[in-house]
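Residue-level structure breakdown
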Amino acid sequence: MWVCSGSPLVAELCAGAGFDWTFIDAEHSPNGLESVLAQLQAVRGYPTVAVVRPPANDTVLIKQYLDLGAQTLIIPMVHTAADAEAAVAAAHYPPRGVRGVGSALARSARWNRIPEYLNRASETVTMIVQIESGEAVANAAQIAAVDGVDGVFIGPSDLAASMGVIGQQDHPDVVAAVEESIRAVKAAGKFVGVNAFGEASARHYMDAGVDFVGVGADVALLARGSEALAARFVPQDAGHSAGIPASY
């Protein structure tokens, strides 16, 4: 599940819920380096894989998130094999990549307490790139084939927008594009995931062969849960049902 609130307490609550992966998002959430660090620390003691999504496919940002101790990254808006190669390069020290060296200052190396960290850091990094455009779907096989790309995550929301059907993640053309991407990535021998908050969609893609699915987010669960609770106890006049201040 996604953790998008920016709260270490909520991250810890979610980490103990029983999900395999906890996605800490910095692309569409009020998260920066400090809050992501706190959430990584909060989930550290739980049997869940902490996955971090930086806000962009940016060499400097990827370096900073890795130095914080993130070991599994999802890189958004990867449209081409060249984009994927740039993400991989950013995640590895020279000569394989271009990651800046600052292990003495970094939590990732436990401030140089991990023996041979600089030579072994690549062993700790899982690189997942995100396909979320029509261009990326067309390039899915090439993206997945990039050495150093461990897996691909498909984002139907932005994919729908790029296909001219924004907000329609279940549009038949979008579903077909997701399925095409799944086949291309699996054929390349890489693992593949998809975002699908609707249970029917999630189970459809599970049947289609995905290895992991994002099935919910902390903020969405709180929003829908609090609305449902209010609906049971609060008279629903126009103002209450809208849930938005008149001055919005």
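An account of the accompanying structure is given in this report. Residue numbering note: each chain is counted from 1, following its sequence as written. With the structure being a predicted model, the display of local features is reserved for residues of pLDDT at least 70 and the display and counting of side-chain atom pairs for 80 or more, all residues being used for whole-chain, interface and lining totals. Computation of side-chain values covers all heavy atoms of the structure but excludes hydrogens and water.

Turning to the overall build of the protein, a few remarks are in order. A run of DSSP states H or I qualifies as a helix once it reaches four residues; a run of E qualifies as a strand once it reaches two. Both are numbered from the N-terminal end. Counting secondary structure elements, the protein contains 12 helices and 8 strands. A compact globule built from 248 residues should have a C-alpha radius of gyration of about 18 Å, and the protein, at 19 Å, falls within 12% of that. If one aligns the C-alpha atoms of the protein with their principal axes, the spans along those axes are about 65 × 40 × 35 Å. By residue count, 42% of the 248 residues in the protein fall in the buried class. Contacts are assigned to residue pairs that have any heavy atoms within 4.5 Å of one another. Restricting the contact set of the protein to residue pairs at least 6 apart, pairs at least 24 apart contribute 59%. The reference for a compact globule is 2.2 Å times residues^0.38; the radius of gyration itself is calculated from the C-alpha atoms. Categorising residues by exposure relies on relative accessible area from a 1.4 Å probe, with only protein chains included: less than 20% of the type maximum marks a residue as buried, more than 50% marks it as exposed, and the intermediate range marks it as partly exposed.

Turning to helix 2 (residues 33-43), its buried residues number three or more, namely Ser 35, Val 36, Gln 39, Leu 40, Ala 42 and Val 43. The buried residues of helix 2 occupy an angular sector of 160° when projected down its axis, which confines them to one face. Taken together, the buried residues of helix 2 touch strand 1 (2-3), helix 1 (8-15), strand 2 (21-25), strand 3 (49-53) and helix 3 (59-68). Within this analysis, the arc is defined by the directions that extend from the helix axis to the C-beta atoms.

For two strands to be treated as a pair, DSSP must find at least two bridges joining them. The strand order across the open sheet built from 8 strands is 1-2-3-4-5-6-7-8, with neighbouring strands paired in parallel fashion. Looking at which strands have only one partner, the edges of the open sheet turn out to be strand 1 and strand 8 (212-214). Pairing of strand 6 (residues 151-154) with strand 7 (residues 191-195) involves 4 bridges; the strand directions are parallel. Directly across from Phe 153, in strand 7, lies its bridge partner Gly 193. Fitted lines through C-alpha atoms give the axes, limited to the stretch in contact for helices. The angle between two N-to-C directions lies from 0 to 180 degrees. Seen against the sheet, helix 9 (residues 172-187) touches strand 5 (126-131), strand 6 and strand 7 and runs at an angle of roughly 160° to strand 7.

So, on to the pattern of salt bridges. One side-chain nitrogen of Lys or Arg within 4 Å of one carboxyl oxygen of Asp or Glu is enough to make a salt bridge. Applying the stated criterion across every chain, the model contains 8 salt bridges. Linking Lys 186 and Asp 211 is a salt bridge whose minimum nitrogen-to-oxygen distance equals 3.1 Å. Remark: Asp 211 occurs in the loop between helix 10 (199-207) and strand 8 and Lys 186 occurs in helix 9; sequence separation between them is 25 residues. The exposure class assigned to Asp 211 is partly exposed, which follows from its relative accessible area of 43%. A salt bridge links Arg 224 to Glu 227; its shortest N-O distance comes to 2.8 Å. Here the residue Arg 224 and the residue Glu 227 both occupy positions in helix 11 (residues 218-233), the gap between them amounting to 3 residues, near one helical turn. Residue classification places Arg 224 among the partly exposed positions, given a relative accessible area of 49%. On the accessibility criterion, Glu 227 (43% relative accessible area) is partly exposed. When salt bridges with common partners are traced through the structure, they connect Asp 25, Glu 27 and Arg 53 into a single cluster.

Counting through the fold element by element, Arg 53 comes out in strand 3. Looking at Arg 53, the relative accessible area reads 7%, which means it is buried. Here Asp 25 takes part through its side chain, which lies 2.7 Å from a polar atom of the side chain of Arg 53. Engagement of the side chain of Arg 53 in a polar contact is seen with the side chain of Glu 27, the distance being 3.2 Å. Residues in contact with Arg 53, not counting those within four places in the same chain, are Trp 2, Ile 24, Asp 25, Ala 26, Glu 27, His 28, Ile 74, Pro 76 and Gln 130. Whenever a nitrogen or oxygen atom comes within 3.5 Å of another N or O atom, the pair is scored as a polar contact, on the condition that within protein one atom can donate a hydrogen and the other can accept it, and that pairs from neighbouring residues in sequence are kept only if both atoms are in side chains.

The next thing to look at is the pairing of strand 5. Most of strand 5 is tucked away, with 5 of its 6 residues classed as buried. One ladder, built from 4 bridges, connects strand 4 (residues 72-75) with strand 5; its direction is parallel. If you follow Ile 75 over to strand 5, its bridge partner there is Val 129. Here strand 5 pairs with strand 6 via 4 bridges, running parallel. Following the sheet pairing, Val 129 is matched in strand 6 by Val 152.

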